[in-house]
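Reading the structure
So you can see what is in the structure, the chains are spelled out below.
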Amino acid sequence: MPPWRLRADGVDLAVKVQPRARRPALGGLAPGGAALRVAVAEAPEDGRANRAVCEAVARALHLPNSAVAVLHGGGSRQKTLRIAGDPAALVPVLEKLLA
């Protein structure tokens, strides 16, 4: 089962965030296979890591930063992101990130 859920106006994506990472990276499944791994260099203070995660996912999906927002888990490493856009166009790009 993929870590996203299709919606009429986009996709809800489960992510596992690693803040303060030495090397920011995006891709692959987190252990257990229920979320996309996202590593960001920013600290989890004042929402900086959340903004960095949204920006990294938006950049990987070739979307504006405003198209990605934290839906659930703002204070947790496990988050659900709401990605606005055409689900049919987003899913192939997400599948590439998981490969």
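The rules behind each value
Residues numbered from 1 in each chain as written. Predicted model: local features only at pLDDT ≥ 70, side-chain atom pairs only at ≥ 80, totals over all residues. Heavy atoms only, no water. pLDDT = per-residue confidence, 0-100. Helix = DSSP H or I, 4+ residues; strand = E, 2+ residues; numbered from the N terminus. Expected span 1.5 Å × (residues − 1). Buried < 20%, exposed > 50% of the residue type's maximum accessible area, 1.4 Å probe, protein only. Arc of directions from axis to C-beta. Core = buried A, V, L, I, M, F, W, Y, C linked by side-chain atoms within 4.5 Å. Contact = heavy atoms within 4.5 Å. Polar contact = N/O pair within 3.5 Å; in protein donor to acceptor, adjacent residues only side chain to side chain. Pairing = 2+ DSSP bridges.

Some thoughts on the confidence of the model for the chain
Per-residue confidence for the chain gives a mean pLDDT of 93, with 100% of residues at or over 70. Per-element confidence in the chain ranges from a low mean pLDDT of 89 for strand β3 (residues 25–29) to a high of 97 for strand β6 (residues 78–84).

Here we look at the environment of Gly47
Considering the arrangement of structural elements, one finds Gly47 in the loop between β4 (36–39) and α1 (48–60). C-alpha separation for the pair Gly47 and Gly75, spaced 28 residues apart in sequence, amounts to 8.4 Å.

Notes on helix α2 (residues 87–98)
For α2, built from 12 residues, the straight-helix expectation of 16 Å at 1.5 Å per residue is met to within 8% by its first-to-last C-alpha distance of 16 Å. Restricting attention to buried positions, one finds in α2 the residues Pro87, Leu90, Val91, Leu94 and Leu97. The buried side chains of α2 occupy one side of the element, clustering within an arc of 120° when seen end-on. Exposed and facing more than 90 degrees away from the buried side of α2 are Ala88 and Lys96.

Observations regarding the nonpolar core
Counting residues in hydrophobic clusters, the biggest one holds 22 residues, and the most contacted among them are Leu13, Val15, Val53 and Val57. For this core, the secondary-structure elements that each account for two or more residues are β2 (10–18), β4, α1, β6 and α2. Once residues within four sequence positions are removed from consideration, Leu13 is found in contact with Pro3, Trp4, Leu36, Val57, Lys79, Thr80, Leu81, Ile83 and Leu94.

Some points on the side chain of Asp12
Of note, Asp12 is situated in strand β2. Residue classification places Asp12 among the buried positions, given a relative accessible area of 4%. At a separation of 3.4 Å, a polar atom in the side chain of Asp12 contacts the side chain of Arg7. In this structure the side chain of Asp12 is engaged in a polar contact, spanning 2.5 Å, whose partner is the side chain of Arg82.

Considering the pairing of β2
Looking at chain direction, strand β1 (residues 4–7) and β2 are connected through 4 bridges and run antiparallel. Note on β2: the bridge partner recorded for Arg5 is Asp12. The turn linking β1 back onto β2 is made up of 2 residues. Both β2 and β6 contribute to a ladder of 7 bridges, which runs antiparallel. Bridge pairing in β6 places Lys16 opposite Gln78. Bridge count for β2 against β4 is 4 bridges, and the pairing is parallel. Residue Val17 lies in a different strand from β4, and its bridge partner there is Val38.

Some thoughts on α1
Here α1 contains 13 residues, and its C-alpha end-to-end distance of 18 Å stays within 8% of the 18 Å for a straight helix at 1.5 Å per residue. Among the residues of α1, Ala49, Asn50, Ala52, Val53, Cys54, Ala56, Val57 and Ala58 are the ones counted as buried. As for α1, its buried residues are in contact with β2, β3, β4, β5 (68–72) and β6. His62 occupies a position one or two residues after α1 and carries a positive phi of about 60°.

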